[in-house]
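A structural walkthrough
Letter by letter, the chains look like this.
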Amino acid sequence: MCLPPTSSTVTFDPPLTTMPQTVTVTSTNLFGPCTSTSVPAITSGTTSGTFPVPNRSCLTLAGTGTSTSHITWNTGQTSTLTLNFTTQIVAGVYTSVVTGVVSSGLFAGDSVVSNQTGPATDILTCTLGLGTVAGIYTVGAITFA
């Protein structure tokens, strides 16, 4: 289990507007502090990646999808996660709920649940055509069972 300040930072280049465009997305996740009864040396982990995404706008940030993520733990061990996610914006808060499984590496076979939230002020302003979204920052927890 990794508790807050476990965080995710996603940036968009160029920043998102209401017009769909291809953007370069850079995602960085910092996990920690983490505890594991099966691997006590685990205290933190990271993921990062950069990839192009076509037809992205601030109007398409809420929804569902799938992804694969590779965590590198502070011990040098790795985990590959196969994930399903749902993102939504409610009452000015961006929420990401992720479920899935560790498909290989450390903790293989474990289920994964992550819940993260962050402010949606820039997103809401952008959907009104009054600004852009350069990035999204969320904080939460992730558990493996």
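All of the points below concern the structure found in this document. (Residues numbered from 1 in each chain as written. Predicted model: local features only at pLDDT ≥ 70, side-chain atom pairs only at ≥ 80, totals over all residues. Heavy atoms only, no water.)

**With respect to the overall build of the protein chain**
So the rule is basically this: Secondary structure elements are defined from DSSP: runs of H or I of at least 4 residues count as helices, runs of E of at least 2 residues count as strands, and each element is numbered from the N terminus. The size measure is the radius of gyration over C-alpha atoms, and the globule rule it meets is 2.2 Å times the number of residues to the 0.38 power. The rule is simple: take the accessible area with a 1.4 Å probe, protein chains only, and divide by the maximum for that residue type; under 20% is buried, over 50% is exposed, in between is partly exposed. Here, residues are in contact when the closest pair of their heavy atoms is within 4.5 Å. Here, Shrake-Rupley sampling with a 1.4 Å probe gives the accessible areas, and only protein chains in the shown set may cover a residue.
Check the secondary structure of the protein chain and you find one helix and eight strands. Helices and strands in the protein chain line up, N terminus first, as β-β-β-β-β-β-β-α-β. Computed over the C-alpha atoms, the radius of gyration of the protein chain is 16 Å, within 12% of the 15 Å expected from 2.2 N^0.38 for a compact globule of 145 residues. When its C-alpha atoms are laid out on the principal axes, the protein chain stretches across 50 × 30 × 20 Å. Relative to its 145 residues, the protein chain shows a buried fraction of 35%. Within the protein chain, residue pairs in contact and separated by at least 24 positions form 57% of the contacts whose partners lie at least 6 positions apart. In the form shown here, the protein chain has an accessible surface area of approximately 7,400 Å², with 61% of it arising from carbon and sulfur atoms.

**Observations concerning the layout of surface pockets**
Quick note on the threshold: A pocket, in this scheme, is an open set of points on a 1 Å grid over the protein atoms alone with protein on both sides within 12 Å along at least 5 of 7 lines, while a cavity is a set where a 1.4 Å probe fits but cannot get out; residues line either one if an atom lies within 4 Å of a point. Grid points are joined across faces, edges and corners, and a volume is the space filled by probe spheres set on the points. When residue character is reported, Ala, Val, Leu, Ile, Met, Phe, Trp, Tyr, Cys and Pro are called nonpolar, Asp, Glu, Lys and Arg charged, and the others, Gly included, polar.
Of the voids in this model, the largest pocket is the one considered here, and its volume is about 960 Å³. Around the largest pocket, the lining is made up of 36 residues, and of these Ser8, Val10, Ser27, Ser67 and Phe85 lie nearest the centre. For the lining of the largest pocket, the secondary structure elements donating two or more residues are strand S1 (7–16), strand S2 (21–31), strand S3 (45–56), strand S4 (63–73), strand S5 (78–90), strand S6 (93–105), strand S7 (111–119) and strand S8 (133–144). Per element, the largest residue contribution to the lining of the largest pocket is seven residues, and it comes from S4. When the residues that make up the lining of the largest pocket are grouped by side-chain class, the tally is 16 nonpolar, 19 polar and one charged.

**Quick notes on the packing of aromatic side chains**
For clarity, the threshold we go by: A pair of Phe, Tyr and Trp rings is counted when the ring centres sit within 6.5 Å of each other, with Trp represented by its six-membered ring. The angle between the planes then sorts it: under 30 degrees is stacked, over 60 is edge-to-face, the rest tilted.
All chains considered together, the criterion is met by four aromatic pairs. Relative to Trp73, the ring of Phe31 lies with its centre 6.4 Å away and its plane at 40°, an arrangement referred to as tilted. With Phe31 in strand S2 and Trp73 in strand S4, this pair connects stretches of sequence that are 42 residues apart. The class for Phe31 is buried, based on a relative accessible area of 9%. Since its relative accessible area comes to 3%, Trp73 is described here as buried.

**Side note on unusual backbone geometry**
Put simply, Pro4 and Pro5 share a cis peptide bond, and its omega is 20°. Within the fold, Pro5 resides in the segment before S1. In this structure, Pro14 follows Asp13 across a cis peptide bond, with omega equal to 0°. Locating Pro14 in the fold gives a position in strand S1.

**Some details on the side chain of Thr80**
Short version of the rule: In the analysis that follows, any N or O atom pair within 3.5 Å is treated as a polar contact, provided that within protein one partner can donate a hydrogen and the other can accept it, and provided that, for residues neighboring in sequence, both atoms belong to side chains.
If you trace the backbone, Thr80 turns up in strand S5. For Thr80, a relative accessible area of 16% gives the class buried. Within the local environment of Thr80, its side chain forms a polar contact with the side chain of His70, the two groups lying 3.1 Å apart. Dropping the residues within four chain positions of it, Thr80 is found in contact with Thr68, Ser69, His70, Val101, Val102, Ser103 and Ser104.

**So, the pairing of S7**
Rules: In this scheme, strands are said to pair when DSSP sees at least two bridges between them.
Sheet topology note: the S6/S7 ladder contains nine bridges and is antiparallel. Residue pairing for S7: Val101 is matched across the bridge by Ser111. If you look at the hairpin formed by S6 and S7, you'll find five residues sitting between the two strands, and Phe107 has a positive phi there, around 70°. Taken together, the six bridges between S7 and S8 define a ladder with antiparallel strand orientation.

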